[in-house]
Amino acid sequence: KPLLKVCPKTAAACSLQGSCGVIQKGKMHTFNIIGRFDGQDRYFEIPEDGCRFGYGVNSSCLDPFYTLAADLTIYKPGEVIFVPAVVGLELPDGSKHNGYFVIRDKGRGIKGMGRFDFFSGHYSWNDSENPFKKIGLGDVNTNIPYYRIKGEAAKKVQASRAFPSLPPH
């Protein structure tokens, strides 16, 4: 059954991210994609006590600006990736990014080594305020260095991002 009706632009943004927040009658509703059926994306509404930005693989919580989707035949959920080009990027809350990401999801069209989808929470890739868009991460032709982080360094990053949950807010 339909959960709510949205305009085509919102539907496209939700489909691209795999999860989205929609404000209706002053209340935020968060939806997560279940899959595609008969050519149409299907969603479920996340309860208020669930992962507030959606679920990735293995029911891990999506962590805006710190989650990557990747090809899970190459990368494993929980792996840590360091992207030097993101260090110091100002995030919407005023904090600066440290360049570390945790793989928490798979992307529908993410195939191959070094291909990632940078999750930006409820910020659309069309939004000029999306910090990742500002540095070109929404462009498939952007090619920037990245490094896999392992061992104790990776465990520290996972702990700092409360993997598989979310850091307290």
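Rules of the game
Residues numbered from 1 in each chain as written. Predicted model: local features only at pLDDT ≥ 70, side-chain atom pairs only at ≥ 80, totals over all residues. Heavy atoms only, no water. Buried < 20%, exposed > 50% of the residue type's maximum accessible area, 1.4 Å probe, protein only. Helix = DSSP H or I, 4+ residues; strand = E, 2+ residues; numbered from the N terminus. Pairing = 2+ DSSP bridges. Salt bridge = Lys/Arg side-chain N within 4 Å of Asp/Glu carboxyl O. Core = buried A, V, L, I, M, F, W, Y, C linked by side-chain atoms within 4.5 Å. Contact = heavy atoms within 4.5 Å.

Visitor: So what about the pairing of strand β4 (residues 67-70)? Which residues, and what values?
Guide: Side-chain alternation along β4 places Thr67 and Ala69 on one buried face and Leu68 and Ala70 on a second face that is also buried. Sheet topology note: the β4/strand β6 (residues 100-105) ladder contains three bridges and is parallel. The residue of β6 that forms the bridge with Thr67 is Val102. Here β4 runs beside strand β7 (residues 116-118); their pairing, made up of three bridges, is antiparallel. Looking across to β7, one finds that Leu68 is bridged to Phe118.

Visitor: If you had to explain the pattern of salt bridges to someone new, which residues and values would you point to?
Guide: Taken as a whole, this structure holds seven salt bridges when the rule is applied. Between Arg36 and Asp41 there is a salt bridge whose closest N-O contact spans 3.3 Å. Between Arg148 and Glu79 there is a salt bridge whose closest N-O contact spans 3.0 Å. Of this pair, Arg148 sits in strand β8 (residues 147-149) while Glu79 sits in the loop between β4 and β5 (80-82), and the two are 69 residues apart along the sequence. Of the residues examined, Arg148 reaches a relative accessible area of 33% and is grouped as partly exposed. Sharing partners across several salt bridges, the network here consists of Asp63, Arg104 and Arg161.

Visitor: Describe the nonpolar core, with residues and values.
Guide: Within the largest apolar cluster, 17 residues are counted, with the highest numbers of intra-cluster contacts made by Phe116, Phe118 and Phe132. Counting residues per element, the ones that place at least two in this core are β4, β6 and β7. Leaving out residues up to four positions away in the same chain, Phe132 has contacts with Phe65, Val86, Leu89, Phe101, Phe118, Phe119, Ser120, Trp125, Leu137 and Gly138.

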